[in-house]
Amino acid sequence: MVIRFLNSRPHIIYPHTSTPLTLRPHLRKNAVNITRNPTMAKQEQLVLLDYWTSIYGMRVRIALAEKGLSYEYREEDLRNKSQLLLDSNPIHKQIPVLIHNGNPICESSIIVEYIDEVWNDKAPLLPSDSYAKARARFWIDFIDKKLYQIGMNLYTKKGEEHETSRKEFMDCLKLLEGELGDKPYFGGETFGYLDVSLIPFYSWFQAYETYGNFNFDHECPKLIAWAKRCIQNKESVSNALPDLPKIFGFVQYMRKKFGIEE
Amino acid sequence: MAKNSEIKLIGTAASPFVNRVQFVLHLKSIEYEFIDENLASKSELLLKSNPVYKKVPVLLHANKPPIPESLIIIEYLDEIYPDIHPILPSDPLVRADNRFWANFIDNKFFPLFEELRRTPEKEGKEAIKKQLIEGSKLLEEAFVKFSNGKAYFGGDDVGYLDVVLGCFLGWTKFVEKHNEFKIIDEVRTPKLLEWTKRIWSHEALKDAIPRNETLMDFYMMLQINRPPRKATSS
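Residues numbered from 1 in each chain as written. Chains lettered and ligands numbered in written order. Predicted model: local features only at pLDDT ≥ 70, side-chain atom pairs only at ≥ 80, totals over all residues. Heavy atoms only, no water.

J.: So what's going on with the nonpolar core? Residues and values would help.
T.: Counting 153 residues, the largest nonpolar core has Ile199(A), Tyr208(A), Phe216(A), Trp226(A) and Leu77(B) as the members making the most contacts within it. For this core, the leading source of residues is helix α5 (residues 130–156) of chain A, giving twelve residues. (Core = buried A, V, L, I, M, F, W, Y, C linked by side-chain atoms within 4.5 Å. Buried < 20%, exposed > 50% of the residue type's maximum accessible area, 1.4 Å probe, protein only. Helix = DSSP H or I, 4+ residues; strand = E, 2+ residues; numbered from the N terminus.)

J.: Please provide a residue-by-residue account of the sheet that holds strand β1 (residues 7–11) of chain B, values included.
T.: Whenever strands of a sheet pair, they do so through backbone hydrogen bonds, lying parallel or antiparallel. All names here are of chain B. Within the open sheet, the four strands sit side by side as β2-β1-β3-β4. Their pairing is mixed. A single partner strand is all that each edge strand has here, and the edge strands are β2 (33–36) and β4 (67–68). Pairing of β1 with strand β3 (residues 58–61) involves four bridges; the strand directions are antiparallel. When the sheet's bridge partners are listed, Ile10 is paired in β3 with Val58. Of the strands in this sheet, β1 and β2 touch helix α1 (residues 16–27), which is tilted by about 155 degrees from β1. (Pairing = 2+ DSSP bridges. Contact = heavy atoms within 4.5 Å. Axes fitted to C-alpha atoms, helices over the stretch in contact; angles between N-to-C directions.)

J.: How would you sum up the packing of helix α2 (residues 55–66) of chain A against α5(A)? Please name residues and give values.
T.: If you want to describe how two helices pack, look at the angle between their axes and the distance between the axes. Residue and element names in this part refer to chain A. Put simply, α2 and α5 touch, their axes get as near as 12 Å, and they point 150 degrees apart. When the interaxial angle is binned, α2 and α5 end up roughly antiparallel. Note on element contacts: α5 touches α2 through Ile140, Ile143, Asp144 and Tyr148, opposite Ile55, Tyr56 and Arg59. Its residues assigned to classes, the contact of α2 with α5 shows five nonpolar, no polar and two charged. (Parallel < 35°, antiparallel > 145°, perpendicular 65-115°, else oblique. Nonpolar A, V, L, I, M, F, W, Y, C, P; charged D, E, K, R; others polar.)

J.: Tell me about the pattern of salt bridges, and please be specific about residues and values.
T.: Residue and element names in this part refer to chain A. On inspection of all chains with the given rule, the structure shows 36 salt bridges over all chains. Across the pair Lys67 and Asp116 runs a salt bridge whose closest N-O atoms are separated by 2.8 Å. Of this pair, Lys67 sits in the loop between α2 and β6 (71–75) while Asp116 sits in helix α4 (residues 108–118), and the two are 49 residues apart along the sequence. There is no split in this pair, since Lys67 and Asp116 are both buried. Between Arg135 and Glu179 there is a salt bridge whose closest N-O contact spans 2.8 Å. With Arg135 in helix α5 and Glu179 in helix α6 (residues 159–180), this residue pair connects regions lying 44 residues apart in the sequence. (Salt bridge = Lys/Arg side-chain N within 4 Å of Asp/Glu carboxyl O.)

J.: Break down unusual backbone geometry for me, citing the residues and quoting the values.
T.: Ile95(A) connects to Pro96(A) through a cis peptide bond whose omega is 0 degrees. Positionally, Pro96(A) belongs in the loop between α3 (83–88) and β7 (97–100). The residue after Val56(B), namely Pro57(B), is reached through a cis peptide bond having omega 0 degrees. Phi is positive for Glu107(A), which is not a glycine, with a value near 75 degrees. Inspection of the secondary structure assignment puts Glu107(A) in the loop between β8 (103–106) and α4.

J.: Describe the side chain of Thr196(B), with residues and values.
T.: With respect to the secondary-structure elements, Thr196(B) resides in helix α9 (residues 190–200). With residues up to four places along the chain from it excluded, the contact list for Thr196(B) reads Leu169(B) and Ile184(B).

J.: Which residues make up the packing of aromatic side chains, and what are the values?
T.: Taken as a whole and assessed by the stated rule, the structure comprises 34 aromatic pairs over all chains. Consider the rings of Phe143(B) and Phe153(B), whose centres lie 4.9 Å apart with planes at 85 degrees: the pair is edge-to-face. Of this pair, Phe143(B) sits in helix α6 (residues 122–147) while Phe153(B) sits in the loop between α6 and α7 (160–166), and the two are ten residues apart along the sequence. Residue Phe153(B) is classed as buried on the basis of its relative accessible area of 6%. What links up through ring pairs into an aromatic cluster is the set Tyr51(A), Trp52(A), Tyr155(A), Phe169(A), Tyr202(A), Trp204(A), Phe205(A), Tyr208(A), Phe214(A), Phe216(A) and Phe250(A). In this structure, Lys173(B) packs its charged tip against the face of Trp200(B), placed 4.3 Å from the ring centre. (Phe/Tyr/Trp six-rings, centres within 6.5 Å; stacked < 30°, edge-to-face > 60°. Lys NZ or Arg CZ within 6 Å of the ring centre and 35° of its normal.)

J.: Can you break down the interface of chain B and chain A residue by residue, with the values?
T.: The interface is formed by 24 residues belonging to chain B together with 25 residues belonging to chain A. Here chain B meets chain A over a buried area of about 2200 Å², counting both sides, of which 71% is carbon and sulfur. Here Glu75(B) makes a salt bridge to Arg137(A), at a shortest N to O gap of 3.3 Å. Linking chain B with chain A are seven residue pairs in polar contact (both at pLDDT 80 or more), by the criterion used here. Among the elements of the structure, β4, α3 (70–80) and α4 (92–109) of chain B are those that each provide at least two residues to the side of chain B that touches chain A. At ten residues, α4(B) tops the list of elements feeding residues into the side of chain B that touches chain A. Residues belonging to the side of chain B that touches chain A are distributed by class as follows: 16 nonpolar, one polar and seven charged. (Buried area = accessible area lost by both parts, 1.4 Å probe. Polar contact = N/O pair within 3.5 Å; in protein donor to acceptor, adjacent residues only side chain to side chain.)

J.: Can you break down the side chain of Asp50(A) residue by residue, with the values?
T.: All names here are of chain A. Looking at where Asp50 falls in the secondary structure, it is placed in strand β5 (residues 46–50). For Asp50, a relative accessible area of 0% puts it in the buried group. At 2.7 Å, the side chain of Asp50 forms a polar contact with the side chain of Arg61. Setting aside residues up to four positions removed in sequence, Asp50 forms contacts with Gly57, Met58, Arg61, Tyr73, Arg74, Glu75, Glu76 and Ile95.

Shown next, in the form of structure tokens:
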């Protein structure tokens, strides 16, 4: 089964007559059959290797949608990774990977900057000012270093470790709220790179809130307002983010599977 | 020479991340003021300039707010001084590839040095040494790919990955000597070894590479402030 994003809405396409994806020689043996999309520019072929719950994958989905790009979405089974994934990202073997005309690009922030540089004629994501760019990159690096791991601790750890993570997580959100200030978006008046990078975490907020024992509306209202603004105003976001209860269900399932007590 | 007394760099000589920024400033012939920081007793200026991490390097440029994180500083400098010795290539795919390897070096490779220092047992240390050797083989392959037969990762002259990896050479030699093994050697990583000799003597880097005594002082400070973990009892 192949899920195709045409005009940013997912369509399931069952490959019938299709043309092998043109891959660089070392990837050719794993050619993926895709249906040719007439709206895509003749030379452009985009494949995204992803997993539906991945915060990092969501970033790339949003960026592609912001640029109005069509691509093939391939859901990876992370317990049984495809040869294409292993060949495309041999060092980390992780999603997301964007394959553009046979060339793999790895690491979500690197992928988003790549998309912004190549398709620079529409919906700029990075600010043009060098200092503003540096500032956005700083906060994205902070999010990547801290928020993901600490967030995971909220639903995997117990006791003192859990309590420490709770405090650290809230400290992170407060810092980010400070950076947002009174702006509608982190990018200012327009949705930008830092917004793209942080908003996927919102899909995990029901899980974080429940297992972290938080009340986000009360503790970081500006951030919640920002998240809802993004979902309401940006179709790229509302299409890319799974519903919060779905992610919560996924976390419940994973906790049971790994024997973490309810 | 781009005269610019507006650039200040808060750092310490022993930090490879600081050396990295110095390397770029020298390549771009940017004058700057170096504010020497004592990491065992951090200054108000550093704590105010980088409240989130309290780490060096931090770049102060004119009246703009401070910029921490060496890779972010390098991209910033490359953007505000694009005409003098560009660091990153212009092609988006090659840029992405460069950034990928910088991410690998900073998040997978270099942290092993500190991990080696903090691991108490011999067995643990051996496992980390193996990882460092595996990492160096990947870097050898990366060098062959990026250099494409030329002298540097950047081709004919120093580029992004030369700067990103080159700054660790002082610590690499220190760790090799201290732990009696080779991370970069003539059998496993011949091209990388040649490159280290080349970069070590490069005009723009040689003054920024710290002396062994400086590294030893820093190492002793780490041993006190962040001592090795206790050995787990069997």
